[in-house]
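What the coordinates show
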Amino acid sequence: METMDVSWSDPRHVLGVVERLLSAPRPQLLSRFTAELGKLIPHRAAAMQTGDCPRSPFKAIGDEAITQAVTSVELQRLVDRSEPDKALVTDGILGGVERRLILLTSTPAVGHGAMIAVVLEAAEPPSAELELAAQLWHIVSTDAGQRATDPGPDVLASSLAAASARAQVITDLGQTHAATLVTLLSVLRSGRLSDAVARRTAVDLAADALLELKGVGDRDQVLSAEPSDAAFAVLKAQLADLVRHTEVDVDLVDPVGDASLPQDIAHTARTLTRGLVLAALDRPATTRLRASWRVDGSVLRITVRDDCPEVADAVPPRGLTERLTALGGHWEVDAVPDWGTTVTAVLPLGVTEPPELRPLDGLNPRELEVLSGISQGLRNRQIAEQLQLSEHTVKFHVRNILDKLDVSSRGEAAALARDLPLEPVAHRSA
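Parameters at a glance
Residues numbered from 1 in each chain as written. Predicted model: local features only at pLDDT ≥ 70, side-chain atom pairs only at ≥ 80, totals over all residues. Heavy atoms only, no water. Helix = DSSP H or I, 4+ residues; strand = E, 2+ residues; numbered from the N terminus. Buried < 20%, exposed > 50% of the residue type's maximum accessible area, 1.4 Å probe, protein only. Contact = heavy atoms within 4.5 Å. Areas by Shrake-Rupley, 256 points an atom, 1.4 Å probe, with all protein chains shown as cover. Pairing = 2+ DSSP bridges. Axes fitted to C-alpha atoms, helices over the stretch in contact; angles between N-to-C directions. Core = buried A, V, L, I, M, F, W, Y, C linked by side-chain atoms within 4.5 Å. Parallel < 35°, antiparallel > 145°, perpendicular 65-115°, else oblique. Left-handed = near helix turned anticlockwise from the far one by under 90°. Nonpolar A, V, L, I, M, F, W, Y, C, P; charged D, E, K, R; others polar. Phe/Tyr/Trp six-rings, centres within 6.5 Å; stacked < 30°, edge-to-face > 60°. Polar contact = N/O pair within 3.5 Å; in protein donor to acceptor, adjacent residues only side chain to side chain.

As named in an unreviewed UniProt entry, the protein is Helix-turn-helix transcriptional regulator, taken from Amycolatopsis bullii.

1. Regarding the overall build of the protein
Counting its regular elements, the protein contains 14 helices and twelve strands. Split into buried and exposed, the 430 residues of the protein put 43% on the buried side. Put simply, 66% of the contacts in the protein that link residues at least 6 apart link residues at least 24 apart. Carbon together with sulfur atoms contributes 54% to the accessible area of the protein, which is approximately 22200 Å² in total.

2. Looking at the sheet that holds strand β3 (residues 87-94)
Pairing is antiparallel in the open sheet, where five strands are placed in the order β2-β1-β5-β4-β3. The open sheet terminates on both sides in strands that have one partner only, identified here as β2 (58-62) and β3. With strand direction ignored, the average angle separating the axes of adjacent strands in the sheet is 25°. Strand direction decides the pairing type here: strand β1 (residues 43-50) and β2, joined by five bridges, are antiparallel. What sits directly across from methionine 48, in β2, is lysine 59. Sheet strands touched by helix α4 (residues 72-81): β1, β2, β3, β4 (97-106) and β5 (114-120). Its angle to β3, the strand with the most contacts, is close to 150°.

3. Quick notes on the sheet that holds strand β10 (residues 299-306)
If you trace the five strands from one edge of the open sheet to the other, you get β7-β9-β10-β12-β11, paired in mixed fashion. Either end of the sheet is taken by a strand with one partner, and the two such strands are β7 (249-253) and β11 (330-336). Across this sheet, the average inter-strand angle for adjacent strands is 10°, counted without regard to direction. Each of β11 and β12 (340-348) is contacted by helix α10 (residues 318-326), which is oriented at about 140° to β11, the strand it contacts most.

4. Brief notes about the nonpolar core
In this structure, Leu272, Leu289, Trp293, Leu300, Ile302, Trp331 and Leu347 are the most contacted members of the largest nonpolar core, which totals 32 residues. For this core, the elements supplying multiple residues, two or more each, are α8 (228-245), β7, α9 (263-282), β9 (288-296), β10, α10, β11 and β12. Here tryptophan 331 is in contact with Leu272, Leu276, Pro316, Leu320, Thr321, Leu324, Val343, Thr344, Ala345, Asn364 and Phe396, once residues within four sequence places are set aside. By size, the runner-up hydrophobic cluster in this structure holds 29 residues, among which are Trp8, Phe33, Val89 and Trp137.

5. Notes on the pairing of β9
Where β7 meets β9, five bridges bridge the pair, whose relative direction is parallel. Of the residues in β9, the one forming a bridge with valine 250 is leucine 289. With eight bridges joining them, β9 and β10 adopt antiparallel strand pairing. Bridge assignment links aspartate 296 to a residue of β10, and that residue is valine 299.

6. So, the packing of α8 against α9
Relative to each other, α8 and α9 sit at 30°, their axes nearing to 10 Å. Judged by the inter-axis angle, α8 sits roughly parallel to α9. Pair α8 / α9 crosses with right-handed handedness. In this structure, α8 uses Ala231, Val234, Leu235, Gln238, Leu239 and Leu242 to contact α9, whose residues at the interface are Ala266, Arg270, Thr273, Arg274, Val277, Leu278 and Leu281. Of the residues belonging to the contact of α8 with α9, the class tally is nine nonpolar, two polar and two charged.

7. Here we look at the packing of aromatic side chains
This model, assessed by the stated rule, comprises two aromatic pairs. Between phenylalanine 232 and tryptophan 293, the aromatic rings sit 5.0 Å apart at their centres with planes inclined by 80°, giving edge-to-face as the arrangement. Taken together, the residues span a long stretch of sequence, with phenylalanine 232 in helix α8 and tryptophan 293 in strand β9 at a distance of 61 residues.

8. Quick look at the side chain of aspartate 306
Within the secondary structure layout, aspartate 306 lies in strand β10. At a separation of 2.6 Å, a polar atom in the side chain of aspartate 306 contacts the side chain of arginine 283. Every residue in contact with aspartate 306, bar those within four places of it in the chain, is listed here: Ala280, Arg283, Thr286, Arg288, Leu289, Trp339, Gly340 and Thr341.

9. Focus: the pairing of β3
Inspection of the sheet shows β3 paired to β4 by eight bridges, in the antiparallel sense. What sits directly across from aspartate 91, in β4, is arginine 100. Counting the residues between successive antiparallel strands, the hairpin from β3 to β4 contains two residues, one of them, glycine 95, with a positive phi of roughly 70°.

10. Section: the environment of histidine 138
By the secondary structure assignment, histidine 138 is in helix α5 (residues 127-148). Each C-alpha atom of the pair histidine 138 and glycine 113 lies 8.6 Å from the other, and the pair is 25 residues apart in sequence. In this structure the side chain of histidine 138 is engaged in a polar contact, spanning 2.8 Å, whose partner is the side chain of serine 106.

The structure is reproduced here in C-alpha cells:
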C-alpha cells in the first residue's frame, strides 16, 4: 500500500490547504474541497448533503455520468450509514450504481453538519490519509456552519427564494406521485389479479415507495427549516454568557406555538435579536430588557423592549436594517422619552408576490400618525411632542415614509395624503 505524499506531513503545507479552503466563497466550497482532497485521495466524483444551505442542500461534482444520476434518497441512505467525524470506506449506491465510497461526516458544535460521499478512483487509501481527510472535512463543515448562522444580505433573499421554490416543487411532486401510488394500491387490492403473490409483492413495493416519497418532503423540511422554539433556544444559548454577566434584568421569552421557520429566517432572526439586545444594553440607563418572537400569520415579529429613558439612539443600526430589508422586512419603532423604547422587526416568512397597493398601504400605524402631522404642516418637534416620541424617532419615521412613498420631500408626502382620511395628530396622555 502506498504511503502518503511527504508534503502532507509538512504542517506548512496542511495550513496552506486549510487557508485555501476557509477563503473559498460558499458557492465554491465543494469544488475547492474536492480539488484539495484529490491531491490526497484521487477520486472520480463527490456528492454532498448539508444542513447549512437551504438554497441547495444537495450538491455533486466530478464525473457527470455519476453526478447527474445522484438522488437525494441515495444520499440520505448513505448519511444513515455514515459515522460522525470519521472516514468510512464502504460499498454503496450512488448515481444508481454500487460503488466503493468514502463517507466523510461532520457534526460540528454550530450548524447542522454535512456528509460527503467520495467515489474512489483506486484502491482504499491508507488510514493516515483517511484520518486527515476526515479532519479537513470537519474544519470545512465547522466553517460552513459558522457562515450559515450569519449570512450577508446578498445571500439571504436568493436563499429564501430558492428554498421556497424548491419546497413548492417538492409539494407538487409529492402530490402527483402520491396520487399515482394510491391509485396503484387501489387497483392491486381490488382482487382482480389472480396471482396473489405478485399482488402482495406489488402492494409492499408501492407502500414502501409512498413512505420513501414522504421521506423526501420530511428531509427537505429538516434541511431547510427550524422549529421556532428550537431556533430561539439557540439564540438563548448564544446570549447565555452575556445575560449571566450583565447587571441588566434580561428576559428572553420563548415563542408560543410550534411554527416552523425557514432556515435563513431563523438565522436572520437571531442576528437581529442579538443586535437589538446589544444596542439596548449599550444604553447606560437600561435596567430591564425583554426580547420575544411571535409568529403572526405570514410574518415573524421580533420585539426588543427596554426601559432606558434616553431614546435618542433608538434607531436600529444600519447593518441590521440591510439584513432586514433584504428579506422584505421593516422596522416598527416606539420610543417614548422617560418611558423606554420598543423596537420590532417584522420579517416575512416567505417570498410572495405583493398585491397592488395604494401609496399609503405600505405605511404602518405609527407612520400614518406621523404622516398625519406632516399633512397638517407640523414640524418634527411638534409631532414628537404630540405623539410623546423623541424628535430623533420622528425623523426616523419621516425618512421611512419618504422612502416607502418614493417621494423626496415632506410636501410630496402630504400631497399623497391629502385625499385620504387620516386622523389628526392628537396629544396622548401619559
